[in-house]
There are 2 protein chains.
Amino acid sequence: MNSLDKPPRFATGSVDLTHGGGGRAMAELIAGLFQRHLKNPFLEQGHDAALVSVPQGRLVMSTDGHVISPLFFPGGDIGSLAVHGTLNDIAMSGARPLYLTAGFILEEGFPLGDLERIVISMAGAAKEAGVPVVTGDTKVVEKGKGDGVFITTTGLGVVPDGVEIGPGRVRPGQKILLSGSIGDHGVAILSKRENLEFETELQSDSAALHRLVGEMVAAVPSIAMLRDPTRGGVAATLNEIAQAARAGIQIDEASIPLKPDVAAACELLGLDPLYVANEGKLLCFCEPRDTEKLLGIMRQNPLGREAAIVGTVTEDDRALVQMETRFGGLRVVDWLAGEQLPRIC
Amino acid sequence: MNSLDKPPRFATGSVDLTHGGGGRAMAELIAGLFQRHLKNPFLEQGHDAALVSVPQGRLVMSTDGHVISPLFFPGGDIGSLAVHGTLNDIAMSGARPLYLTAGFILEEGFPLGDLERIVISMAGAAKEAGVPVVTGDTKVVEKGKGDGVFITTTGLGVVPDGVEIGPGRVRPGQKILLSGSIGDHGVAILSKRENLEFETELQSDSAALHRLVGEMVAAVPSIAMLRDPTRGGVAATLNEIAQAARAGIQIDEASIPLKPDVAAACELLGLDPLYVANEGKLLCFCEPRDTEKLLGIMRQNPLGREAAIVGTVTEDDRALVQMETRFGGLRVVDWLAGEQLPRIC
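Residues numbered from 1 in each chain as written. Chains lettered and ligands numbered in written order. Predicted model: local features only at pLDDT ≥ 70, side-chain atom pairs only at ≥ 80, totals over all residues. Heavy atoms only, no water.

## Details of the overall build of chain A
Inference 1: Helix and strand content of chain A: eight helices and 14 strands.
Inference 2: A total of 345 residues make up chain A; the buried ones form 64% of that total.
Inference 3: Contacts spanning at least 24 positions in sequence make up 83% of the contacts within chain A whose residues lie at least 6 apart. (Helix = DSSP H or I, 4+ residues; strand = E, 2+ residues; numbered from the N terminus. Buried < 20%, exposed > 50% of the residue type's maximum accessible area, 1.4 Å probe, protein only. Contact = heavy atoms within 4.5 Å.)

Pasting the structure below:
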């Protein structure tokens, strides 16, 4: 079910929104196009960040384009998001981020005041994270050939000795921890887009997770896998990991933190929160003996206060992700076939 | 004349094409917005690439967005250009590029076959350069919110011991070398855009210069400054360097290599080749005693076969760039006020 052996139709097909949606079509595009032609040992690591070796250290680089719409949303904007998103990709290798770069693609006619607001927000996020934006680039395209601002950020980080994180280390029996409530980012964006009003304003969870990760890997260097469930949400992320690890995953619906307002908004919007993007949450795979220690550490950090054990890795050649529902049944959590929320990050 | 003390009008202004054009408006935007808010010692180096320190080595990172139109042109396409452009930014620090990342922003409806062609071209350029694309990202925006494909590449490189390249090392008396003919890239793009026909097809000079730079810095580690004259051409590049070095520059029109076809096309199109983008050329500032050695080395490399001494650094507080014309007069080569050729890279 999870195989990626159906290559995209290069001769006749067109790019559509599913190719950027975090689901199966994107995975097929990556496997069939980018990994195929740009083939090298680094891309084959299958991480969001690449581990590169330099004479005296293990560095990681990661890059992320940001095309979120709207540019400003409750809890952040494209500037802070572009910092958080790439810092998190670096952190998910267990690395300490050192530097960021930023490439802007601007649309003719975009207000300079809005651009300034975005850059200020980016600068604030970088300062709070303690990671500088060390170089950048700006391009402008004609009106109607872009959409305000796109930002591509790239990060460089260093991996502490003894830390080896990757889907290849995921094994049956390991536990899966989640750092907090799901769906906050995607629901905040969509509510803003649709002009929905709730009793309390839904806020994106956009945040930099590298300090939380630093605390976790310092306490338990043997963590097997970390991943932030962004585009495609927890469902897409777990399917990617199951596929890469050739193992099954079973999660428990009742254990997954979900804010009542977010749950209500998801119902109203017809969304399954498992597929909704997060920008300040992480999934952690570890040995059962380490769960209590990790939960204790995570819950002391404001970004991990609601951390919980949400699942277990199982033996399953089909690499299925399944969920025990609140009603006691077992449901397959499949890859998302298409695009649920375009331009969510 | 070259001062950047006129900040952009953030409250009332709009982004326009001049902000991406490589001229004064872009310099003002960078100084008044990005450098101002993202302020750190790395951005203050004022290079296209940032020198970052890691425990045991000097690394450089550089990022470059590519929005060229048309995507395919004589001599290359956006895929090869995105590799060459960033490798060259890294090389202009005197560094050996090690790794690249690539972020794609795709427009819904873009043909997959064209995307494949671009990725294959990118892979070929990376392989020929010996520098892998180690990680990437893909986003898709709705039809009409992008323009086919934008690619942001970021590079990481290592600077050899003893090499210290930067505008701060430019001094009166130094000589300026140019590696070959000017204007080839910009004229090839514009001819394609305008469907102009010439007797021979005008080809972009898009190429990776890092091996040429490696040979140059190995022979003369004391090179003061290197820069590839891309957007805004030789004129914008020399003005930027003069400004940063607080020195004058005098160039000699007759010494600047220019292909007859390119000269003819520029006349037809109303372009001054000094302002036209190059993608496979470099300017080198060095002590007079090193010019012959460097020219000898450059001319042995296919990318430097036409290398020539084109100018001298002078004492001039106004930081003017001046050119001795073929007719013996002296003409100020000013910054480009606006945009000459949008989306040239």
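## A few points about the pattern of salt bridges
All names here are of chain B.
Inference 1: Using the criterion set out here, one finds 24 salt bridges over all chains in the structure.
Inference 2: Put simply, Asp-205 and Lys-281 hold a salt bridge, and the shortest N to O gap is 2.9 Å. Of this pair, Asp-205 sits in the loop between helix H4 (184-193) and helix H5 (210-219) while Lys-281 sits in the loop between helix H7 (260-269) and strand E11 (283-286), and the two are 76 residues apart along the sequence. By the burial criterion, Asp-205 is buried, and Lys-281 matches it. (Salt bridge = Lys/Arg side-chain N within 4 Å of Asp/Glu carboxyl O.)

## Quick look at the packing of helix H2 (residues 78-91) of chain B against helix H3 (residues 112-129) of chain B
Inference 1: Where H2 of chain B contacts H3 of chain B, the axes come no closer than 6 Å and their chain directions differ by 35°. Taken together, the residues of H3 of chain B that come into contact with H2 of chain B (itself represented by Ile-78, Gly-79, Ser-80, Ala-82, Val-83, His-84 and Leu-87 of chain B) are Ile-118, Ser-121, Met-122, Ala-125, Ala-126 and Ala-129 of chain B. (Axes fitted to C-alpha atoms, helices over the stretch in contact; angles between N-to-C directions.)

## A word on the environment of Glu-197 of chain A
Residues and elements named next belong to chain A.
Inference 1: In this structure, Glu-197 sits in the loop between helix H4 (184-193) and helix H5 (210-219).
Inference 2: A residue is classified by how much of its surface remains accessible, and Glu-197, at 74% relative accessible area, is exposed.
Inference 3: Residues Glu-197 and Ala-265, 68 residues apart in the sequence, show an inter-C-alpha distance of 9.6 Å.

## Quick look at the environment of Ile-120 of chain A
Inference 1: With respect to the helices and strands, the residue Ile-120 of chain A is situated in helix H3 (residues 112-129).
Inference 2: Relative accessible area serves as the criterion here: at 41%, Ile-120 of chain A is assigned to the partly exposed category.

## Comments concerning the sheet that holds strand E13 (residues 321-324) of chain A
Residue and element names in this part refer to chain A.
Inference 1: Strand order in the open sheet made by the seven strands is E9-E11-E8-E12-E10-E13-E14, with mixed pairing throughout. A strand with exactly one partner marks an edge of an open sheet, and here the two such strands are strand E9 (225-227) and strand E14 (330-332). Mean inter-strand twist for the sheet, computed between neighbouring axes without regard to direction, equals 25°.
Inference 2: As defined by bridge partners, strand E10 (residues 248-252) adjoins E13 across four bridges and the pair is classed as parallel. Following the sheet pairing, Gln-250 is matched in E13 by Gln-322. (Pairing = 2+ DSSP bridges.)

## Remarks on the sheet that holds strand E10 (residues 248-252) of chain B
Residues and elements named next belong to chain B.
Inference 1: An order of E9-E11-E8-E12-E10-E13-E14 is seen for the seven strands of this open sheet, with the pairing classed as mixed. The open sheet has two free edges, formed respectively by strand E9 (225-227) and strand E14 (330-332), since each of these has just one partner strand. Strand-to-strand twist of the sheet, defined as the mean angle between neighbouring strand axes without regard to direction, takes the value 25°.
Inference 2: Of the strand pairs in this sheet, strand E8 (residues 175-178) and E11 are connected by four bridges, and their pairing is antiparallel. Looking at the pairing, Ile-176 lines up with Phe-285 of E11.

## A closer look at the domain arrangement of chain A
Residues and elements named next belong to chain A.
Inference 1: Taken domain by domain, chain A holds domain 1 (3-159) and domain 2 (167-332).
Inference 2: Across the domain 1 to domain 2 interface the summed buried area is about 2,300 Å²; carbon plus sulfur atoms make up 56%.
Inference 3: The largest per-residue losses of area from domain 1 upon contact with domain 2 belong to Pro-74, Asn-88 and Met-92, which jointly make up 27% of the total buried on that side.
Inference 4: At the surface where domain 1 touches domain 2, the tally comes to eleven residue pairs in polar contact (both at pLDDT 80 or more).
Inference 5: Every element with two or more residues in the side of domain 1 that touches domain 2 is listed here: strand E3 (72-73), helix H2 (78-91) and H3.
Inference 6: Looking at the side of domain 1 that touches domain 2 residue by residue, the class counts come to 14 nonpolar, 14 polar and three charged. (Domains from an automatic or database assignment. Buried area = accessible area lost by both parts, 1.4 Å probe. Polar contact = N/O pair within 3.5 Å; in protein donor to acceptor, adjacent residues only side chain to side chain. Nonpolar A, V, L, I, M, F, W, Y, C, P; charged D, E, K, R; others polar.)

## Observations concerning the pairing of strand E5 (residues 96-107) of chain B
Residue and element names in this part refer to chain B.
Inference 1: Burial of E5 is extensive: eleven of the twelve residues sit out of reach of the surface.
Inference 2: In the sheet, E5 pairs with strand E6 (residues 133-141) via eight bridges, with the strands oriented parallel. Its bridge partner being in E6, Leu-106 is matched across the sheet by Val-140.
Inference 3: After leaving E5, the chain enters H3 and then returns to the sheet as E6, a path that is right-handed. (Right-handed = clockwise from strand over helix to strand, strands pointing away.)

## Considerations on the side chain of Asp-316 of chain A
All names here are of chain A.
Inference 1: In this structure, Asp-316 sits in the loop between strand E12 (308-314) and E13.
Inference 2: Side-chain polar atoms of Asp-316 contact the backbone nitrogen of Leu-320, separated by 3.5 Å.
Inference 3: Excluding its chain neighbours within four sequence positions, the residues that come into contact with Asp-316 are Arg-246, Ala-247, Gly-248 and Gln-322.

## Structural notes on the pairing of E8 of chain B
Inference 1: Pairing of E8 of chain B with strand E12 (residues 308-314) of chain B, which is carried by four bridges, proceeds in the antiparallel orientation. For Leu-178 of chain B, the partnering residue across the bridge sits in E12 of chain B and is Ala-308 of chain B.

## Let's talk about the packing of aromatic side chains
Inference 1: Applying the stated criterion across every chain yields a total of one aromatic pair over all chains.
Inference 2: Considering the side-chain rings of Phe-150 of chain A and Phe-150 of chain B, the 6.3 Å spacing of their centres and the 45° angle between planes classify their relative orientation as tilted. Taken as a pair, Phe-150 of chain A in strand E7 (residues 149-158) and Phe-150 of chain B in strand E7 (residues 149-158) lie in two separate chains rather than in one. There is no split in this pair, since Phe-150 of chain A and Phe-150 of chain B are both buried.
Inference 3: Directly above the aromatic system of Phe-72 of chain A lies the positively charged group of Arg-117 of chain A, at a separation of 3.8 Å from the ring centroid. (Phe/Tyr/Trp six-rings, centres within 6.5 Å; stacked < 30°, edge-to-face > 60°. Lys NZ or Arg CZ within 6 Å of the ring centre and 35° of its normal.)

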